[in-house]
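So you can see what is in the structure, the chains are spelled out below.
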Amino acid sequence: MAGEGDLSRLRPVTAGFRTFRSTVHYHGSVTGHQLKVYNSLGRRIEDFTPSADVVGLYSCGPTVYYFPHLGNMRTYVFADTLRRALRWKQIPVRHIVNITDVGHAVADSDTGEDKLELAAARERRTVADVADFYTRAFFTDLGALNILPADVYPRASDYVEQMIEFATRLQERGVTYQIPSGLYFDTTKSPGYGELALMDIAGQREAARVEQVEGRRNKTDFALWRTEEPGVRRVMRWDSPWGWGAPGWHLECSVMSMALLGEHFDLHTGGIDHLELHHVNEIAQSQAYLDDGKPWVKYWLHGEFLLLNSAKIAKSAGPVPRLADLIEDGYHPMAYRLFLLGGHYRSQLDFTFEGVDGAQTALRRLISRIEPLRPLPTVETYEHARAALAGIGNRKTADAESGDKTALAYLDQLDDAISLDLATPRLLAILQESLRDQEITPAGQRIIAAAADALLGLRLADLDPAALTRSRSTTDLDTAEVETIERLIADRTQARKEKNWPRADEIRAELDRLNVQVTDTPSGPTWHLR
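It should be emphasised that the depicted structure is a prediction, and the values quoted were computed from it without experimental measurement.

**Q** How should the overall build of the chain be read in this particular structure?
**A** Regarding its fold elements, the chain presents 16 helices and 18 strands. Taken across its 530 residues, the chain has 55% of its residues classed as buried. Considering only intrachain contacts with a sequence separation of at least 6, the fraction spanning at least 24 residues in the chain is 74%. Surface exposure of the chain reaches about 22700 Å², of which carbon and sulfur atoms provide 50%.

Structure, rendered in structure tokens:
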């Protein structure tokens, strides 16, 4: 595993930023419009002002007890877009994504069984084997989606000793109490507890998940250390001042982020489901640990849910689609990435195979437009793109001194879109418009395409249009064909309800002959063409 690295450069440099009209200068570099992000801590759009030479970015990573589903991967595409925006602005960043391989109990509870231990028992493998297998699966999906690698992927199990030290310090500060099930954080000792969720303390406690824990003082109090029950020996266990056991789920992110980014850092990202529980508790324990009167993290960004049949995609609800399923069915990972970028990260997005079909078609057309412009230059920052465009003659004026003014205008629009809270749908529309505009030079289009791809990560420079062709999609079916398929699925559903398994299998075989893939979900079956 990568080490902590040199953190000596993490010193305040706020004075290095200044705004001149709409252009921001970072240490003398021209970086375009001021980057603005929606800070969940306060629910408002704010100017992003780094507090250090190297921005610390921490993203809550996966619990590696099963394959990541499509909803999980939306969160990492969003974090990747933020990374690309920071690179575009020439803001150095150190990115940490944790791997949770211990401590995460079923239903995010304080007393339930560990997800990794249950998975190991189910699959008849060791916990280490399960963690390694699903960590590799996560990395495979990151690569397929062209997500920039983080600097470090720390495993929770490698930081348990530091977690014990962290909890010991909290105990010394008088913000904990011990009961038979472990060491708990007393949320009444946390000023402003629940501020991130915009709920008053009483409301937060009233809304907390109901889990009966003997001796727990408040509903919102949470486990820092989960002690083994008498007569029960955990698979993953460590000795501690509170007995043998394992750390609570919330502890790992505070400990690993501080170890790798310093006590305070700028950016923390995660899924919207972390907003009212996990991140609230991270803040409470971290600020109690530091006890310096400062906010632990300045900016909190959350990605919204991916929905399936209008419900959040969740492993606990039953079978859920994975990226590997899309690839097997002939969809390119970049088509799924485009599907995600077509919606803003803070908006819920309904997953449909028709939507991914449309994204694949749109990407194929986009690549076909860009292919004649290849090779695209390497353009990763606003400053580099602007410098490249400055030397291109305008198609009408042939004025090499002024550059391609039309392309420069598009560059300004691209920068404005990414700068206003990562507005990827708008960025995509600007790219499409620039490729149709007759006033822009081919050289200008080449640079605009490269600049857009630096922010979108769609592999516009090298993706083969042939890789985006499926034999047939649901949009190719006529009304009669759709009605036939849906009637067969309804008949199969009824046969299953009546436990007429031979008839259900017979209908499934008929659907297979039609190249129809049926996925059973808690809210009913979904289908698409293979």
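Now that the structure has been shown, the text picks up again.
**Q** Quick question: what am I supposed to make of the pattern of salt bridges here?
**A** Any two side chains of opposite charge can pair if their charged atoms end up close together. Under the counting rule described, the total for this entry stands at 21 salt bridges. Here Glu 123 makes a salt bridge to Arg 122, at a shortest N to O gap of 3.3 Å. A salt bridge links Asp 462 to Arg 459, with the nearest nitrogen and oxygen atoms 3.1 Å apart. Through salt bridges that share partners, Asp 114, Glu 117, Arg 226 and Arg 234 make up one connected network.

**Q** Any chance you could explain the side chain of Gln 34 here in plain terms?
**A** Summarising the element assignment, Gln 34 is placed in the loop between strand 3 (29–30) and strand 4 (36–39). Within the structure, the side chain of Gln 34 is placed 3.1 Å from the backbone oxygen of Phe 48, a separation counted as a polar contact.

**Q** Whenever I open this one, the sheet that holds strand 13 (residues 297–303) confuses me. Can you help?
**A** Either a parallel or an antiparallel arrangement is found when strands of a sheet pair, and the pairing is made through backbone hydrogen bonds. Read across the sheet, 4 strands follow the order 7-6-12-13 without closing on themselves; strand pairing throughout is parallel. Looking at strand neighbours, the two that pair on one side only are strand 7 (93–97) and strand 13, the edges of this open sheet. The sheet shows a mean angle of 20 degrees between the axes of neighbouring strands, taken without regard to direction. Where helix 1 (residues 70–88) meets the sheet, its contacts fall on strand 6 (55–59), strand 7, strand 12 (265–271) and strand 13, and the angle it forms with strand 12 comes to roughly 150 degrees.

**Q** What am I meant to see in the sheet that holds strand 10 (residues 222–227) here?
**A** Strand order in this open sheet of 4 strands is 8-9-10-11, and the pairing throughout is antiparallel. At either margin of the open sheet sits one strand with a lone partner, and together these are strand 8 (176–179) and strand 11 (245–247). Adjacent strand axes in the sheet meet at a mean angle of 20 degrees when their direction is disregarded. Relative to strand 11, strand 10 runs antiparallel, the two sharing 3 bridges. The residue of strand 11 that forms the bridge with Trp 225 is Pro 247.

**Q** Explain the packing of aromatic side chains to me, please; I cannot follow it from the model alone.
**A** Note on aromatic pairs: each is described by the distance of the centres and the angle between the planes. Considering all chains together, one arrives at 22 aromatic pairs under this definition. Taking 4.8 Å as the distance between ring centres and 70 degrees as the angle between the ring planes, the aromatic pair formed by Phe 139 and Tyr 153 counts as edge-to-face. Within this pair, whereas Phe 139 is found in helix 3 (residues 127–144), its partner Tyr 153 is found in the loop between helix 3 and helix 4 (160–172), the two being separated by 14 residues in sequence. Residue class for Phe 139 comes out partly exposed when judged on its relative accessible area of 35%. An aromatic cluster is built from Tyr 331, Tyr 336, Phe 339, Phe 351 and Phe 353, whose rings are joined through pairwise contacts. Between Arg 217 and the ring centre of Tyr 177, over which it is positioned, the NZ or CZ distance is 4.0 Å.

**Q** Is there a simple way to explain the side chain of Glu 304 in this structure?
**A** On the secondary structure map, Glu 304 appears in the loop between strand 13 and strand 14 (306–308). Although Glu 304 is buried, it forms no salt bridge, and the closest oppositely charged side chain is Arg 74 at an N-O distance of 5.9 Å. There is a polar contact of 3.5 Å between the side chain of Glu 304 and the side chain of Gln 348. In this view, Glu 304 contacts Arg 74, Ile 272, Tyr 345, Arg 346, Ser 347 and Gln 348; residues no more than four positions away in its chain are not counted.

**Q** Would you take a moment to explain the nonpolar core for this structure?
**A** Across soluble globular proteins, nonpolar side chains show a tendency to be buried alongside one another. If you look at the biggest cluster of nonpolar residues, it comprises 139 residues, and the most contacted ones within it are Tyr 336 and Phe 351. The element that contributes the greatest number of residues to this core is helix 1, accounting for 9 residues. Beyond its immediate chain neighbours, meaning those up to four positions away, Tyr 336 contacts Leu 70, Gly 71, Leu 145, Leu 306, Leu 323, Leu 326 and Phe 351. Ranked by size, the runner-up nonpolar core spans 10 residues in total, among them Leu 477, Leu 488, Val 516 and Val 518.

**Q** What exactly am I supposed to notice about helix 14 (residues 442–456) here?
**A** Along an α-helix, residues three or four positions apart point the same way, because every turn accommodates 3.6 residues. With 15 residues, helix 14 extends 20 Å between its outermost C-alpha atoms, agreeing within 8% with the 21 Å of an ideal straight helix rising 1.5 Å per residue. In terms of burial, helix 14 is a largely internal element, 12 of the 15 residues being buried. When helix 14 is considered as a whole, its buried residues turn out to be Gly 444, Gln 445, Ile 447, Ile 448, Ala 449, Ala 450, Ala 451, Ala 452, Asp 453, Ala 454, Leu 455 and Leu 456. On its buried face, helix 14 is in contact with helix 1, helix 9 (333–341), helix 10 (353–370), helix 11 (382–390), helix 12 (405–419) and helix 13 (424–436).

**Q** I keep staring at the pairing of strand 10 and nothing clicks. Help me out?
**A** Within a regular strand, the side chains alternate between the two sheet faces. With 6 of 6 residues buried, strand 10 lies mostly within the body of the structure. The pairing of strand 9 (residues 182–185) with strand 10 spans 4 bridges and is classified as antiparallel. When the sheet's bridge partners are listed, Tyr 184 is paired in strand 10 with Ala 223.

**Q** What exactly am I supposed to notice about the environment of Thr 484 here?
**A** Along the chain, Thr 484 turns up in helix 15 (residues 479–497). Taking relative accessible area as the criterion, Thr 484 reaches 32% and is therefore assigned partly exposed. A C-alpha to C-alpha distance of 9.9 Å links Thr 484 and Leu 511, two positions 27 residues apart in sequence.

**Q** Just checking my understanding: could you explain the confidence of the model for the chain for this structure?
**A** Low-pLDDT stretches of the model should not have their predicted coordinates read in fine detail. Of all residues in the chain, 87% have pLDDT values of 70 or greater, and the mean over the chain is 87. Contacts of residues 1–22 to residues separated by more than four positions or lying in other chains number 51 contacts, the stretch itself having pLDDT below 50. Note that residues 394–401 has pLDDT below 50 and, in this model, 19 contacts with residues that lie over four places away or in other chains.

Reading guide: rules and limits
Residues numbered from 1 in each chain as written. Predicted model: local features only at pLDDT ≥ 70, side-chain atom pairs only at ≥ 80, totals over all residues. Heavy atoms only, no water. Helix = DSSP H or I, 4+ residues; strand = E, 2+ residues; numbered from the N terminus. Buried < 20%, exposed > 50% of the residue type's maximum accessible area, 1.4 Å probe, protein only. Contact = heavy atoms within 4.5 Å. Areas by Shrake-Rupley, 256 points an atom, 1.4 Å probe, with all protein chains shown as cover. Salt bridge = Lys/Arg side-chain N within 4 Å of Asp/Glu carboxyl O. Polar contact = N/O pair within 3.5 Å; in protein donor to acceptor, adjacent residues only side chain to side chain. Pairing = 2+ DSSP bridges. Axes fitted to C-alpha atoms, helices over the stretch in contact; angles between N-to-C directions. Phe/Tyr/Trp six-rings, centres within 6.5 Å; stacked < 30°, edge-to-face > 60°. Lys NZ or Arg CZ within 6 Å of the ring centre and 35° of its normal. Lys, Arg positive; Asp, Glu negative; His and termini not counted. Core = buried A, V, L, I, M, F, W, Y, C linked by side-chain atoms within 4.5 Å. Expected span 1.5 Å × (residues − 1). pLDDT = per-residue confidence, 0-100.

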